[in-house]
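An overview of the molecular structure
So you can see what is in the structure, the chains are spelled out below.
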Amino acid sequence: KQEVTQIPAALSVPEGENLVLNCSFTDSAIYNLQWFRQDPGKGLTSLLLIQSSQREQTSGRLNASLDKSSGRSTLYIAASQPGDSATYLCAPYSGSARQLTFGSGTQLTVLP
Amino acid sequence: ETGVTQSPTHLIKTRGQQVTLRCSSQSGHNTVSWYQQALGQGPQFIFQYYREEENGRGNFPPRFSGLQFPNYSSELNVNALELDDSALYLCASSPGGRSSYNEQFFGPGTRLTVL
């Protein structure tokens, strides 16, 4: 059974800082991994998708890396802004189980 | 291109009742998955539908059931509601097939409160 852990659970940083969010998973037999953003009480917004054959993916100020063999992914956010404040969730996709498995997320607060 | 939509936005039921939640998938997507998100936790997989058939199921009891229609929209039905069913229910669609490598796109969710 896949288990996902995200560290830290919460993070508060001043505006402009670069930061790294960590995700680890126990079963490396994944098809891909997605990073999502969730604002309070809202649905999930997909940020990045990394296929299992890829090492990293970039979108604007976001960069995600994947080390499938060690069961780790990181999300790097450059030059953080108050609008980045949200909960960030990582979710590896298991094709055999047809599901994304989520961690509890990292709650990010960027202070102006 | 219309994204994933869900209805209703909010719903209040009492214990023992039944509820139906609805999801319209993004245009061109034939796979729909449902997730339950309790407060303060990550979403938990309920089941996935591909071309009107259940294609995978998480650890949820049979009183959680679903349907997918020919236009790929979907319903989640929950019978005999319990207090612990109070959660945000999320629907996600993707353009892939049975073993989808594709990105999943989520709707805004339905907030269910069971009293």
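Placed above this text is the structure.
Here's what I pulled together on the structure shown here. As the structure is a computational prediction, the values presented were derived from the model and not from experiment.

On to the overall build of chain A, then. Check the secondary structure of chain A and you find 0 helices and 11 strands. For chain A, the sequential pattern of α-helices and β-strands runs β-β-β-β-β-β-β-β-β-β-β. Relative to the 2.2 N^0.38 estimate, which gives 13 Å for 112 residues, the radius of gyration of chain A is 13 Å and therefore close to what a compact globule would have. Based on the C-alpha atoms only, the size of chain A along its principal axes is roughly 45 × 30 × 20 Å.

Following I7(A), the chain continues into P8(A) via a peptide bond in cis, with omega recorded as 0°. In this structure, the amide linkage connecting S7(B) to the following residue, P8(B), adopts the cis form with an omega of -5°. Structurally, P8(B) can be placed in the loop between β1 (5-7) and β2 (10-13). One non-glycine residue with positive phi stands out, namely Y72(B), at about 75°. Tracing the backbone shows Y72(B) in the loop between β7 (64-68) and β8 (74-78). Residue Y72(B) is classed as partly exposed on the basis of its relative accessible area, which comes to 27%.

Residues and elements named next belong to chain B. Within this structure, the stated rule accounts for 6 salt bridges over all chains. Residues R22 and E75 are paired through a salt bridge, measuring 3.5 Å at the closest nitrogen-oxygen approach. On the criterion of sequence distance, the pair formed by R22 in strand β3 (residues 19-24) and E75 in strand β8 is long-range, its members being 53 residues apart. A relative accessible area of 42% places R22 in the partly exposed class. By relative accessible area, which is 15% here, E75 ends up buried. Where E54 meets R57, a salt bridge forms, and the shortest distance between an N and an O atom there is 3.3 Å. Note on E54: relative accessible area 39%, which makes it partly exposed.

With that settled, the discussion passes to the packing of aromatic side chains. All names here are of chain B. The final tally for this structure, using the stated rule, is 9 aromatic pairs over all chains. Geometrically, the ring pair formed by F60 and F64 is edge-to-face, given 5.1 Å between the ring centres and 65° between the ring planes. Under the relative-accessibility criterion, F60 is labelled buried at 15%. Residue classification places F64 among the buried residues on the basis of a relative accessible area of 2%.

About the cut-offs
- Residues numbered from 1 in each chain as written.
- Chains lettered and ligands numbered in written order.
- Predicted model: local features only at pLDDT ≥ 70, side-chain atom pairs only at ≥ 80, totals over all residues.
- Heavy atoms only, no water.
- Helix = DSSP H or I, 4+ residues; strand = E, 2+ residues; numbered from the N terminus.
- Rg over C-alpha atoms; globule rule 2.2 N^0.38 Å.
- Buried < 20%, exposed > 50% of the residue type's maximum accessible area, 1.4 Å probe, protein only.
- Salt bridge = Lys/Arg side-chain N within 4 Å of Asp/Glu carboxyl O.
- Phe/Tyr/Trp six-rings, centres within 6.5 Å; stacked < 30°, edge-to-face > 60°.

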